[in-house]
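Reading the structure
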Amino acid sequence: EFTRPPTGVLAPRRRTRKIRVGKVFIGGDAPISVQSMTNTLTADVNATLQQIAKLTAAGCDIVRVAVPSQDDVDALPAIASRSQIPVVADIHFNPKYVIAAIEAGCAAVRVNPGNIKAFDNKIAEIARSATEHGTGLRIGINAGSLDKRLHRLYETDPAGALVQSALNEARLFEDVGFRDFAISVKHHDPVIMVEAYRRLSQACDYPLHLGVTEAGPAFQGTIKSSVAFGALLAEGIGDTIRVSLSADPVQEVKVGGKILEALNLRPRQFEIVSCPSCGRAQVDVYTLAEQVTEAMKDMTIPIRVAVMGCVVNGPGEAREADLGVASGNGKGQIIVKGKVIKTVPEDAIVETLIEEANKIAADFPEQ
Ligand code: SF4
């Protein structure tokens, strides 16, 4: 009998206010969303929309575009109206662009108060315009552009300075009756970042956008983000995430999605359970695992496939998967839902697994 042991989430989600970013909600009981950012010139509408389409296909829920110039502002109406997912304008330095982005139909605007001089006296105008258009905001605090007034505190308590900056800016919006915003307090050091978000989540109930900023190239950035997000999400902290990588943003979306899947915060799709191989392996596990992953990575049903190098843990792990192979003696026992259905030669393992996966997919109820 095939029975998979129960799993679940590590902590109840912390209750936050819910805000709307176009067709996506952030906070409250809304699913944790994955964000990314285009790296095209925003003014190049076609290139930007093409990249947004790729990000959407990879599972991105919300996309941000940089708006450093008037040409970029001018491109926003076309991008916002033609993107399949909500578009957030990322604005530094120029408060006029914030209003322009709201009027252009962006679903939200990210403001960085540390970089917007004379921002404080524009708050009422921004809040009024955002309310009128149903636009959300993100107060995006970043260690690299922290308000100068907090530099002293930052030297001794960087997490405290990030939180203080966020709360100061939040209060300015609260004072004019505006609360439809998320907050981020990003830092490149996961330890400081985790500490900042923990404290922020104690201090307010605004939805939190998690990010380890400037996390590095794909390998390091994936690890830093996974560790930091994992620590926070395991405590129920975090409503939307952005993995920052010095790499193709599609990669960011995939990593973000997998982090949520790993913690059962998003339904799992294809998942491989493969052993590290050792002196007992009777098959080339690495090649087999790569080939299976490559062949099945785009499956949209929740399917767990076990690829095991020998019979020590092989049959057990394969039994807990939907589908698996336990190798031995140049052959592979193919296991479906806990039962060995056949034994095939090593060079037929991958194709047999794919065949069986397709059968499972065909029987999977329409979503
Ligand atoms: Fe080694 Fe077998 Fe375990 Fe793979 S399943 S790591 S080959 S003992």
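How each quantity is defined
Residues numbered from 1 in each chain as written. Predicted model: local features only at pLDDT ≥ 70, side-chain atom pairs only at ≥ 80, totals over all residues. Heavy atoms only, no water. Buried < 20%, exposed > 50% of the residue type's maximum accessible area, 1.4 Å probe, protein only. Helix = DSSP H or I, 4+ residues; strand = E, 2+ residues; numbered from the N terminus. Pairing = 2+ DSSP bridges. Right-handed = clockwise from strand over helix to strand, strands pointing away. Axes fitted to C-alpha atoms, helices over the stretch in contact; angles between N-to-C directions. Parallel < 35°, antiparallel > 145°, perpendicular 65-115°, else oblique. Left-handed = near helix turned anticlockwise from the far one by under 90°. Contact = heavy atoms within 4.5 Å. Nonpolar A, V, L, I, M, F, W, Y, C, P; charged D, E, K, R; others polar. Phe/Tyr/Trp six-rings, centres within 6.5 Å; stacked < 30°, edge-to-face > 60°. Lys NZ or Arg CZ within 6 Å of the ring centre and 35° of its normal.

In this section: the pairing of strand 13 (residues 323-328). The element strand 13 is extensively covered by neighbouring structure, given that six of its six residues are classed as buried. The alternating pattern of strand 13 places Leu323, Val325 and Ser327 on one face and Gly324, Ala326 and Gly328 on the opposite face, and all of these are buried. Here strand 12 (residues 303-308) runs beside strand 13; their pairing, made up of four bridges, is parallel. When the bridges of strand 13 are listed, Val307 appears paired with Val325. Of the crossover connections in this fold, the one passing from strand 12 over helix 11 (residues 314-320) to the parallel strand 13 is right-handed. Across six bridges, the pairing between strand 13 and strand 14 (residues 331-336) is antiparallel. Looking across to strand 14, one finds that Ser327 is bridged to Gly332. What sits between the antiparallel neighbours strand 13 and strand 14 is a turn of two residues, in which Asn329 has the positive phi angle 55°.

The contact between helix 1 (residues 45-57) and helix 9 (residues 249-262) brings their axes to 9 Å, and the two run at 20°. Here helix 9 runs roughly parallel to helix 1, going by the angle between their axes. The two elements helix 1 and helix 9 meet at a crossing, and its hand is right-handed. Each of Gln51, Lys54 and Leu55 in helix 1 lies in contact with helix 9, whose residues at this interface are Pro249, Val250 and Val253. Split into classes, the residues belonging to the contact of helix 1 with helix 9 amount to four nonpolar, one polar and one charged.

If you walk across this open sheet you meet the eight strands as 8-7-6-5-4-3-10-9, and the pairing is parallel. The open sheet has two free edges, formed respectively by strand 8 (181-186) and strand 9 (209-210), since each of these has just one partner strand. Looking at chain direction, strand 7 (residues 136-142) and strand 8 are connected through six bridges and run parallel. Paired with Asn142 across the bridge in strand 8 is Lys186.

This paragraph deals with the packing of aromatic side chains. A full pass over the atoms with the stated rule returns four aromatic pairs. Both rings, one in Phe173 and one in Phe181, keep their centres 5.8 Å apart while their planes meet at 45°; by these two values the pair is tilted. Residue Phe173 is classed as buried on the basis of its relative accessible area of 0%. According to the relative accessible area criterion, Phe181 is buried, its value standing at 0%. Look at Phe181 and Tyr206: their rings are 4.2 Å apart centre to centre, the planes differ by 25°, and that puts the pair in the stacked class. Of this pair, Phe181 sits in strand 8 while Tyr206 sits in the loop between helix 7 (190-203) and strand 9, and the two are 25 residues apart along the sequence. By the ring-pair criterion, three or more aromatic residues cluster together here, those being Phe173, Phe178, Phe181 and Tyr206. Cation over ring: Lys18 sits above Phe25, and NZ or CZ is 5.2 Å from the ring centre.

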